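Listed below, chain by chain, are the residues.
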Amino acid sequence: MPDTNSPKTEAKLRIGIISMGDMGSGLARLLVAHGYHVVTNCTGRSEDTISRARAAGVEILPTDNDLITNCDLILSVVPPNDALHTAKRILSAISSPGNPPRRPNNKPLYLADMNAVSPATVRSIASLFSPLPDSTIRFIDGSILGGPPTPPTTTTSSSSSTSQTPEAKEEAEWTTPLLPTSGPFSLSHLDPTNTLPKILNNKHISDSIGQASALKMCFASLSKGYAAIAVQTVTTAYRLGVLDHLKDSLRQLSPANLERMERAVVGMAPKAYRWVREMEEISKTHAEDGGFLTFAQGETESIFDGAAGIFRFVAEGTVLGEEKVATAGSGSNKRVRGTTSEDVARCMAEGLEEREKKRKKKG
């Protein structure tokens, strides 16, 4: 049933986002553009994070208690290895025995875990809040499929623009990822008008915790799993001296795959550090939920454990690990290396050669 204490249509929800990375700040800009008040807590975060928050029009609150007191909904959008810690932060704040935060009108707080974790992991996170009544906090399993929201990059003709309704113009302004959710509670319970779910491109796919995360794991198996294959392929082709021939062959026979390979390889570098844990969560999903346990823990290593190793090497063994995503409000986050597949391959080859030298010295 919808939350009877939900705000009326004209009363905008207050939304908290943890944290202000590329995706979090993109969601913040989208929500602010649609008139929502967005807040965050940047305690202990970098100046880049604070700059992104300010550039997105986000109010920065000093504590998690303030976040809980001032929000109807909190979106957890953090690297996979921070998902559990973030949930524990919210749990600690909302169940503080000494000074529990006061919720306005005693309304429940909705917490949507939008992180790239396995169904088993998100069920474990959800269980942290099970001792608390639904009147205090309501947990939503969520995921994000696609890149950060972006405003329009093309202009429409005056004739088509004038024929559009204000609502249609607003919808046309942003390109958004898909935000599927699952569990006994949904964003529609919080907002029966379905305004927020529509803005966030949200679809509630199941009443069971874990289904939205399962979808994310399967989707990312194909997208980010492919990136690991592509990086290894261009690197080996480069070291063998056939990268140009490989690209020329793809250009003639499969231009769509050439474009996909270029996009995957170039876009991977700044995100490799966080994709390590995501690949491990994907491997866990295929093993525990997909039935591939014997492949993951037997004589053969899971292909996604191998992908995690590729991304770990990118992040820790090459100069590509120093790359950052260029986002609004962070002018210093400019790409330097790995802006072409050739340079990604070159950086990988240099890192592999350095690793081989170190092994020989030890050996």
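These figures come from a predicted structure and were not determined experimentally.

Brief notes about a positive patch on the surface
So, step 1. Taken together, Arg355, Lys357, Lys358, Arg359, Lys361 and Lys362 make up a surface patch of like positive charges.
So, step 2. Note that Lys357 resides in helix α16 (residues 341-362).

Description of the pairing of strand β2 (residues 37-41)
So, step 1. Taking burial as the measure, the five residues of β2 include four buried ones, the bulk of the element.
So, step 2. Relative to β2, strand β1 (residues 14-18) is paired through three bridges, and the arrangement is parallel. The residue of β2 that forms the bridge with Gly16 is Val39.
So, step 3. Once you follow β1 into helix α1 (residues 22-33) and on to β2, the crossover reads as right-handed.

So, empty space enclosed by the protein
So, step 1. Summed over all chains, the structure comprises one cavity of 30 Å³ or more.
So, step 2. Roughly 40 Å³ of internal volume is contained in the largest cavity.
So, step 3. Looking at which element gives the most residues to the lining of the largest cavity, the answer is helix α4 (residues 83-94), with four residues.
So, step 4. Looking at the lining of the largest cavity residue by residue, the classes come out as six nonpolar, two polar and one charged.

Some words on the pattern of salt bridges
So, step 1. Going through the model one piece at a time under the given rule, you end up with 14 salt bridges.
So, step 2. Arg263 is paired through a salt bridge with Glu259; the nearest N and O atoms lie 3.6 Å apart. Here Arg263 and its partner Glu259 are both found in helix α12 (residues 255-268), four residues apart, which amounts to about one turn of the helix.
So, step 3. Judged by relative accessible area, Arg263 falls into the exposed class, the value being 54%.
So, step 4. A relative accessible area of 53% means that Glu259 is categorised as exposed.
So, step 5. Two residues, Asp343 and Arg337, come together in a salt bridge whose shortest N-O distance is 2.9 Å.
So, step 6. The exposure class of Arg337 is partly exposed, given its relative accessible area of 24%.

Focus: α1
So, step 1. Between its first and last C-alpha, α1 extends 17 Å over 12 residues, near the 16 Å set by a 1.5 Å rise per residue.
So, step 2. Counting buried residues in α1 gives nine out of 12 residues, a clear majority hidden from the surface.
So, step 3. Turning to α1, its buried residues are Met23, Gly24, Ser25, Gly26, Leu27, Ala28, Arg29, Leu30 and Leu31.
So, step 4. Residues of α1 that are buried in the fold lie against β1, β2, α2 (47-55), β7 (179-182) and α9 (195-199).
So, step 5. Two residues or fewer past α1, Gly35 is found with a positive phi of approximately 90°.

Some details on the pairing of strand β5 (residues 109-113)
So, step 1. With five of its five residues buried, β5 lies for the most part within the structure.
So, step 2. The two faces of β5 match: Leu109, Leu111 and Asp113 on one face and Tyr110 and Ala112 on the other face are all buried.
So, step 3. When strand β4 (residues 73-76) meets β5, the two strands line up parallel, connected through four bridges. The residue bridging Ser76 from the neighbouring strand is Asp113, located in β5.
So, step 4. Alignment of β5 against strand β6 (residues 137-142), held across five bridges, turns out to be parallel. Pairing of Tyr110 across the sheet is with Arg138, part of β6.
So, step 5. For the crossover that starts at β5, traverses helix α5 (residues 119-128) and ends in the parallel β6, the hand is right-handed.

Here's the deal with the sheet that holds strand β3 (residues 59-61)
So, step 1. Strand order across the open sheet formed by eight strands is β3-β2-β1-β4-β5-β6-β7-β8, with mixed pairing between neighbours. Taken across any chain shown, the strands that pair with only one partner, and hence form the sheet edges, are β3 and β8 (202-206). Each strand of the sheet is rotated relative to its neighbour by a mean of 30°, with strand direction disregarded.
So, step 2. For β7 and β8, the ladder comprises four bridges, and the chain directions are parallel. Counterpart to Pro180 in the pairing with β8 is Lys203.
So, step 3. Against the sheet, α5 contacts β5 and β6, and its axis sits at roughly 175° relative to β6.

Brief notes about the environment of Ser186
So, step 1. Looking at the element boundaries, Ser186 is found in the loop between β7 and α8 (187-190).
So, step 2. The buried category is assigned to Ser186, whose relative accessible area is 7%.
So, step 3. Placed 17 residues apart in sequence, Ser186 and Lys203 show a C-alpha to C-alpha distance of 9.0 Å.
So, step 4. Excluding residues that lie within four positions of it along the chain, Ser186 makes contacts with Tyr110, Ile140 and His204.
So, step 5. For Ser186, the side chain forms a polar contact with the main-chain nitrogen of Ser188, separated by 3.3 Å.

Conventions adopted
Residues numbered from 1 in each chain as written. Predicted model: local features only at pLDDT ≥ 70, side-chain atom pairs only at ≥ 80, totals over all residues. Heavy atoms only, no water. Patch = residues over 30% accessible without salt bridge, like charges linked within 9 Å, V, L, I, M, F, W, Y side chains within 5 Å. Areas by Shrake-Rupley, 256 points an atom, 1.4 Å probe, with all protein chains shown as cover. Salt bridge = Lys/Arg side-chain N within 4 Å of Asp/Glu carboxyl O. Lys, Arg positive; Asp, Glu negative; His and termini not counted. Charge placed at Lys NZ, Arg CZ, Asp CG, Glu CD. Helix = DSSP H or I, 4+ residues; strand = E, 2+ residues; numbered from the N terminus. Buried < 20%, exposed > 50% of the residue type's maximum accessible area, 1.4 Å probe, protein only. Pairing = 2+ DSSP bridges. Right-handed = clockwise from strand over helix to strand, strands pointing away. 1 Å grid on protein atoms, 1.4 Å probe; cavity = no way out; pocket = protein on both sides within 12 Å on 5 of 7 lines; lining within 4 Å. Points joined across faces, edges and corners; volume = space filled by probe spheres on them. Nonpolar A, V, L, I, M, F, W, Y, C, P; charged D, E, K, R; others polar. Expected span 1.5 Å × (residues − 1). Contact = heavy atoms within 4.5 Å. Axes fitted to C-alpha atoms, helices over the stretch in contact; angles between N-to-C directions. Polar contact = N/O pair within 3.5 Å; in protein donor to acceptor, adjacent residues only side chain to side chain.

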